[in-house]
Amino acid sequence: MTERFRALLPFVPYLAVSLAHVIACFGQYAFEGWTKLLLMPALAAGVVASAVLVPELRLRPVPVGALALLLAAITFSWLGDGAATFFPMFESEIPMMLACFGVAHIAYIVLLWRTRGIAKRRLPAWSLVYVLAYLVLLALLLPHTKSLSIPVMAYGLVLVATAALATRCGAVIAWGGAFFLLSDAILAFRLFVPGSTTWTSGVVMLTYTLGQGLLAYGIVAALRRRADRGEAGPTTPRAGSSAAS
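Computed from a predicted structure; not experimentally measured.

## Digging into helix α2 (residues 12-27)
At step 1: With 16 residues, α2 ought to run about 22 Å at 1.5 Å a step, and its terminal C-alpha atoms sit 22 Å apart, in line with that.
At step 2: As for α2, its buried residues are in contact with α3 (32-53) and α10 (200-228).
At step 3: Note on α2: the residue one or two positions beyond its end, Q28, has a positive phi of about 55°.

Structure representation (structure tokens):
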């Protein structure tokens, strides 16, 4: 059994739940709702098992700060996934969904920007395409977002920042950021643009589960490479600033 295959095993439950949920979305089956709420707990369990619980995979020393940020991103994504369930006191789920996912992206941004061993290079020139994507999305969405225009602009900014920073971190994490952006772009049109079709629900969740899974797996893999090289300490890129361990 190769090392890469062993590293994937803790994420098999997440893959199974993701497959079941995407099938439910495309087929509009009744189990769509509860499988959605299982996605992020399954992903968090995969992260904890891979980084802490499985002896042959455990990171030594355990990067507590980096894992806390990753689990925070996953937890707030879970709250965003279940905004209608967790925040029934609000008339619309959209504001709380934007808020929760906004916090999740801030956690990803700090993690990808400040943690030693995750980034492999500087921002590539092609990452500027995400700036263009942000401007195009705003141009298409703002005529329809009404009172939510400012939250949508703020959320779009952190979403694009996550995708852009992911381009520094190797192919797996970069694809994760790209799929996450694509998922939210399609979802935005479903939520705000009249005439969007229901079949896009499956596409949204397919790209979302791919994005989250690749981000989490790629980050844990990067932390494992860092541990193997003995680079467990935090970075200090600027005087007076600190980084996640």
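## Side note on the confidence of the model for the chain
At step 1: In the predicted model, the chain carries a mean pLDDT of 89, and 92% of its residues have values of at least 70.
At step 2: Across residues 233-242, where pLDDT falls below 50, the model places 15 contacts with residues more than four positions away in sequence or in other chains.

## Topic: the state of the cysteines
At step 1: Following the criterion strictly, the structure yields zero disulfides and no others.
At step 2: Of all cysteine sulfurs in the structure, the one in C25 sits closest to C100, which takes part in no disulfide; the separation is 19 Å.

## What to know about the side chain of T35
At step 1: For T35, the location among the structural elements is in helix α3.
At step 2: Owing to a relative accessible area of 2%, T35 belongs among the buried residues under this scheme.
At step 3: Among all residues touching T35, those that are not within four sequence positions of it are V17 and H21.

## Here we look at the side chain of Q212
At step 1: Checked against the element boundaries, Q212 lands in helix α10.
At step 2: When residues no more than four places from it in sequence are discounted, the contact partners of Q212 are Y14, M40, L43, S77, F101, Y108 and F180.

## Some thoughts on the nonpolar core
Across soluble globular proteins, you tend to see nonpolar side chains buried next to one another.
At step 1: Core analysis: the biggest nonpolar cluster contains 68 residues, and L70, I74, I118 and I219 have the highest contact counts within it.
At step 2: When contributions to this core are tallied by element, the ones reaching two or more residues are α2, α3, α4 (64-81), α6 (94-114), α7 (129-145), α8 (149-166), α9 (171-192) and α10.
At step 3: In terms of residue count, the dominant contributor to this core is α6 (11 residues).

## Quick word on a nonpolar patch on the surface
At step 1: Taken together, the side chains of W126, V129, L132, V136 and L140 present a nonpolar region at the surface, about 470 Å² in accessible area.
At step 2: Looking at the element boundaries, L132 is found in helix α7.

## What about the environment of V136?
At step 1: Within the fold, V136 resides in helix α7.
At step 2: By relative accessible area, which is 41% here, V136 ends up partly exposed.

How each quantity is defined
Residues numbered from 1 in each chain as written. Predicted model: local features only at pLDDT ≥ 70, side-chain atom pairs only at ≥ 80, totals over all residues. Heavy atoms only, no water. Helix = DSSP H or I, 4+ residues; strand = E, 2+ residues; numbered from the N terminus. Expected span 1.5 Å × (residues − 1). Contact = heavy atoms within 4.5 Å. pLDDT = per-residue confidence, 0-100. Disulfide = S-S within 2.5 Å. Buried < 20%, exposed > 50% of the residue type's maximum accessible area, 1.4 Å probe, protein only. Core = buried A, V, L, I, M, F, W, Y, C linked by side-chain atoms within 4.5 Å. Patch = residues over 30% accessible without salt bridge, like charges linked within 9 Å, V, L, I, M, F, W, Y side chains within 5 Å. Areas by Shrake-Rupley, 256 points an atom, 1.4 Å probe, with all protein chains shown as cover. Salt bridge = Lys/Arg side-chain N within 4 Å of Asp/Glu carboxyl O.

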